[in-house]
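# Close look at the chain arrangement
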Amino acid sequence: MTIAIMQPYIFPYIGYFQLINAVDKFIIYDDVNFINKGWINRNNLLVGGKAHLFTIPLKDASQNKLILEVELARHEQWQKKLLKTIQQSYQKAPCYQKVFELIEEIVNLEVDSINELCIYALQKTCAYMGIGTEIVPSSMIYNNKHLKGQDRILDICKQEQANHYINPIGGVELYDKGKFENEGIRLDFIKSISSPYPQFKNAFVPWLSVIDILMFNGLDDIRKHLEAYELI
């Protein structure tokens, strides 16, 4: 059993989906503190040949709240604004029609929290990409909020009887391979490999939201992008 654990992000970059695709079960870490100016409620689109940050507005977001407690700002018409930006930026992309329908369905979902929106978006996007990994929120199962950091990750691994844990490359300094090995768990870090693709006639802009890669690539090419990584 191979697992990964990550906070929920909205329309994250391809590396997030590479991680989901690489494991048997993907745990959405939704009962940890919200991160201001992180990737939970924002990402980058290609606008005018450059990276353009979009942000989904939240109500009273705070790092003193758990991610699952943070609500969407209902009074703001962010859905129309985001969809209009996507339409204007990508309407001439080769896969625009199907992908826009997918994004529109996700963005117009009637939910209260950013967590619910992220989970739904991840599930729908994975289904579109052909990723069959089971996705579960940490808040529903493990009952171990008293643990912190590496100890909590190890506890989830044990509860899942996992023998392999994969973490994003950014966590190299946070986790001790020796400690995982002592528990009979192999620890690897996933590192995405840049895999350029045509973005109209612009110079390639890497690591944008998954929306970008979906707009410009058919499903066969998407499968290749999902494999463009190495384990360290």
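Cut-offs used in this document
Per chain, residue numbering runs from 1 following the sequence as it is written. Totals for whole chains, interfaces and linings use all residues, but because this is a predicted model, local features are given only for residues with pLDDT of at least 70 and pairs of side-chain atoms are given and counted only at 80 or more. To get the side-chain values, all heavy atoms of the structure are used, and hydrogens and water are removed first. Helix numbers and strand numbers start at the N terminus; a helix is a DSSP run of H or I with at least 4 residues, a strand a run of E with at least 2. The quantity called the radius of gyration is restricted to C-alpha atoms. Its globule counterpart is 2.2 Å times the number of residues to the power 0.38. Exposure classes here rest on a 1.4 Å probe applied to the protein chains alone. A residue is buried below 20% of its type maximum, exposed above 50%, and partly exposed in between. In this description, contact between two residues means that some pair of their heavy atoms is separated by no more than 4.5 Å. By this definition, two strands are paired if DSSP reports at least two bridges between them. By convention, orient the strands away from the viewer: a clockwise path from the first strand over the helix to the second makes the crossover right-handed.

An unreviewed UniProt entry lists the protein under the name WbqC-like family protein, with Dyadobacter fermentans as the source organism.

Let us now look at the overall build of the protein. Secondary structure summary: the protein contains eight helices and 10 strands in total. A compact globule built from 232 residues would reach a C-alpha radius of gyration of about 17 Å, and the protein, at 18 Å, matches this within 12%. Once the C-alpha set of the protein is aligned to its principal axes, its extents read approximately 55 × 40 × 30 Å. Per-residue burial for the protein yields a buried fraction of 52% across its 232 residues. In the protein, 66% of the contacts between residues at least 6 apart in sequence involve partners at least 24 apart.

With that settled, the discussion passes to the pairing of strand 9 (residues 186-192). Across the seven residues that make up strand 9, a large majority, five, are buried. Pairing geometry for strand 8 (residues 164-168) and strand 9, over five bridges, is parallel. What sits directly across from histidine 164, in strand 9, is arginine 186. For the crossover that starts at strand 8, traverses helix 6 (residues 177-182) and ends in the parallel strand 9, the hand is right-handed. As paired strands, strand 9 and strand 10 (residues 229-231) are joined by three bridges and run antiparallel to one another. Counted as the bridge partner of lysine 191 is glutamate 230 from strand 10.

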